[in-house]
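# Remarks on the overall topology
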Amino acid sequence: MIYEGDVYRPPSEANSLIIQLTIGCAHNGCTFCSMYKNKHFRIRELNEVISDLYWVKEHYPYNFDRVFLADGDALIVKTDIIVAVLGKIYELFPHIRRVSTYGTARDILMKSPEELRMLRRCGLEMVYIGAETGSDKILRDVNKKISAAEMTEACLKLKAAGIKVSMTLVTGLGGRPDSTEHAIESARLVSATKPEYLGLLTLHLYADTPLGKAYRAGKFPALSPLEDLKEQKLFLENVDSEGTILRSNHVSNFLSLAGTLNHDREKMIAQLEAAISVAESNSGKLR
Ligand code: SF4
């Protein structure tokens, strides 16, 4: 089995077997994202995917009990094809505990409730959805081509089908001008959808992206680490999402947070306040 191009997966899928159902991302147009810029999007043939699974069965030397379906939006694939792949995964590897995938809100909305329920019955347990923000303004600015209302509908549709939602937000995505809106509207989105998992990434301005170029041209005022911490605090002060497990343990994060909302919210706010206090006392170094 040969992976095509760079392969990405969420931090929590570090020990999963990764199988590419698609190559790249069908949208591939978000101004901050550099992940699939060098790939031409295509859906792989079912027989290619199945041969990968047989190859793994024969040759893969590692123990794994989770499978992650890549690349950027594997849910764009027709439901009967995903069902066939899930069936083969559980047939060849009956010890598998979880199959998950990235999914865009657009792909989820294209599937009927019955299709999503069938995917769940066939073993798709969780979908990672890159919401990035709950602000319609920022979603437009970064060319996400989806609204917060559609994002909300997609998450609720997954949950109604019994599929867990792992949502990702990108702190700093609105830059300095839209930091408050980003925090408040993202808190609104999370409160409305109550995902099972929430990951906070920190914006990284890649040089080859439109947002990275805007930053270098002085047209995108990025947050300082101190401002980023304050944005996270404002988000936490406004979110109400009982039971959501929050992690900000990505390499991009300035501070690692871990807790379950709403129970651990005050503890995480206190952690942020302590970090803000340190950052303010060293503001000359951090600003
Ligand atoms: S952020 Fe997600 S939807 Fe946007 S281009 Fe990157 S992979 Fe595609």
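Everything in this summary refers to the structure shown in the same document. Predicted model only: the values in this text are computed from it and were never measured. (Residues numbered from 1 in each chain as written. Predicted model: local features only at pLDDT ≥ 70, side-chain atom pairs only at ≥ 80, totals over all residues. Heavy atoms only, no water.)

## What to know about the overall build of the chain
Stated formally: Secondary structure elements are defined from DSSP: runs of H or I of at least 4 residues count as helices, runs of E of at least 2 residues count as strands, and each element is numbered from the N terminus. Accessibility here uses a 1.4 Å probe with only protein chains present; expressed as a share of the type maximum, an area under 20% marks a residue as buried, one over 50% as exposed, and anything in between as partly exposed. Any two residues having at least one pair of non-hydrogen atoms within 4.5 Å are treated as being in contact.
Tallying secondary structure elements over the chain gives 11 helices and 10 strands in all. Taken along the three principal axes of its C-alpha coordinates, the chain extends 55 × 40 × 35 Å. Taking all 287 residues of the chain together, 52% fall into the buried category. The long-range fraction of contacts in the chain, counting pairs at least 24 apart against all pairs at least 6 apart in sequence, stands at 75%.

## Remarks on the site of the ligand
What counts, and what does not: One heavy atom suffices: a residue is near a molecule or strand as soon as one of its heavy atoms comes within 4 Å of it. Amino acids are sorted into nonpolar (Ala, Val, Leu, Ile, Met, Phe, Trp, Tyr, Cys and Pro), charged (Asp, Glu, Lys and Arg) and polar (every other residue, Gly among them).
Taken together, Cys25, Asn28, Gly29, Cys30, Phe32, Cys33, Met35, Tyr36, Glu132 and Lys144 make up all the residues around the ligand. For the shell around the ligand, the class distribution of residues is six nonpolar, two polar and two charged.

## Some thoughts on the environment of Glu181
Among the secondary structure elements, Glu181 is positioned in helix H7 (residues 179-193). Along the primary structure Glu181 and Ile163 are separated by 18 residues, whereas in three dimensions their C-alpha atoms are 29 Å apart. Setting aside anything within four residues of it in sequence, one finds Glu181 in contact with Ser135, Lys137 and Ser186.

## A word on a negative patch on the surface
To keep things clear, this is the line we draw: Like charges are joined within 9 Å and nonpolar side chains (Val, Leu, Ile, Met, Phe, Trp, Tyr) within 5 Å, but only among residues with over 30% relative accessible area and no salt bridge; these make up the patches. Only the protein chains shown count as cover for residues, and the accessible areas themselves come from Shrake-Rupley with a 1.4 Å probe. Any carboxyl oxygen of Asp or Glu within 4 Å of a side-chain nitrogen of Lys or Arg constitutes a salt bridge here. The convention is simple: Lys and Arg are positive, Asp and Glu are negative, and His and the chain ends are not counted. For the purpose of locating charges, the reference atoms are NZ of Lys, CZ of Arg, CG of Asp and CD of Glu.
A surface patch of negative charge is lined by Asp136, Glu150, Glu153 and Glu181. Looking at where Glu153 falls in the secondary structure, it is placed in helix H6 (residues 148-160).

## A few points about the packing of H6 against H7
The condition that has to hold: Helix axes are fitted only over the stretch in contact, all axes being lines through C-alpha atoms; the angle between N-to-C directions runs from 0 to 180 degrees. When describing relative orientation, an angle under 35 degrees is termed roughly parallel and one over 145 degrees roughly antiparallel, while 65 to 115 degrees is termed roughly perpendicular and anything else oblique. Crossing handedness follows the turn of the near helix against the far one: under a right angle anticlockwise gives a left-handed crossing, and clockwise gives a right-handed one.
For the pair H6 and H7, the least separation of the axes is 9 Å and the interaxial angle reads 25 degrees. The angle between H6 and H7 places the two elements in the roughly parallel class. Of the two elements, H6 crosses H7, and the hand of that crossing is right-handed. Where H6 approaches H7, its residues Ala148, Met151, Thr152, Cys155, Leu156 and Lys159 are matched on the opposing element by Leu189, Ala192 and Thr193. Here the residues of the contact of H6 with H7 sort into six nonpolar, two polar and one charged.

## Describing the side chain of Asp264
For clarity, the threshold we go by: N or O atoms within 3.5 Å of each other form a polar contact, as long as, within protein, one can give a hydrogen and the other can take it, and as long as residues adjacent in sequence are counted only when both atoms are side-chain atoms.
Tracing the backbone shows Asp264 in the loop between strand E10 (257-260) and helix H10 (265-281). An unpaired buried charge is present at Asp264: no salt bridge exists, and Lys267, the closest side chain of opposite charge, is 4.3 Å distant. A distance of 2.7 Å separates polar atoms of two side chains, one belonging to Asp264 and the other to His263.

## Brief notes about unusual backbone geometry
Only a minority of non-glycine residues have a phi that is not negative, and only a minority of peptide bonds are not trans. Cis rather than trans, the peptide bond between Ala70 and Asp71 has omega equal to 0 degrees. You can see Asp71 is positioned in the loop between strand E4 (66-70) and helix H2 (79-92). With omega at -10 degrees, the peptide bond leading from Leu261 into Asn262 counts as cis. The residue Asn262 is located in the loop between E10 and H10 in this model. One non-glycine residue, Glu132, lies in the positive phi region at around 75 degrees.

## Topic: H6
Inclusion rule: To estimate the expected span of a helix, subtract one from its residue number and multiply by 1.5 Å.
Given a rise of 1.5 Å per residue, 13 residues ought to cover 18 Å, and the 18 Å separating the end C-alpha atoms of H6 matches this to within 8%. Among all positions of H6, only Ala148, Met151, Thr152, Ala154, Cys155, Lys157 and Leu158 are buried. Buried residues belonging to H6 abut helix H3 (105-110), helix H4 (113-121), strand E6 (124-132), helix H5 (136-141), strand E7 (164-171) and H7. Positive phi shows up at Gly162, right after H6, with a value of about 85 degrees.

## Notes on the packing of aromatic side chains
The test is simple: What counts as a ring pair is set by centres within 6.5 Å for rings of Phe, Tyr and Trp (its six-membered ring), and what kind of pair is set by the plane angle: stacked under 30 degrees, edge-to-face over 60, tilted for all other angles.
For the structure on display, the rule yields six aromatic pairs. Measuring from centroid to centroid gives 5.6 Å for Tyr60 and Phe64, while their planes differ by 70 degrees, and the two rings are edge-to-face. Accessibility expressed as a relative area gives 9% for Phe64, which makes it buried. Arranged with centres 5.8 Å apart and planes meeting at 75 degrees, the rings of Phe68 and Tyr128 form a pair that is edge-to-face. A residue pair is termed long-range when its members are at least 10 positions apart, and Phe68 in strand E4 and Tyr128 in strand E6 qualify at 60 residues. In this pair, the class of Phe68 matches that of Tyr128, namely buried. Taken together, the aromatic side chains of Tyr60, Phe64 and Phe93 make up a single cluster linked through ring pairs.

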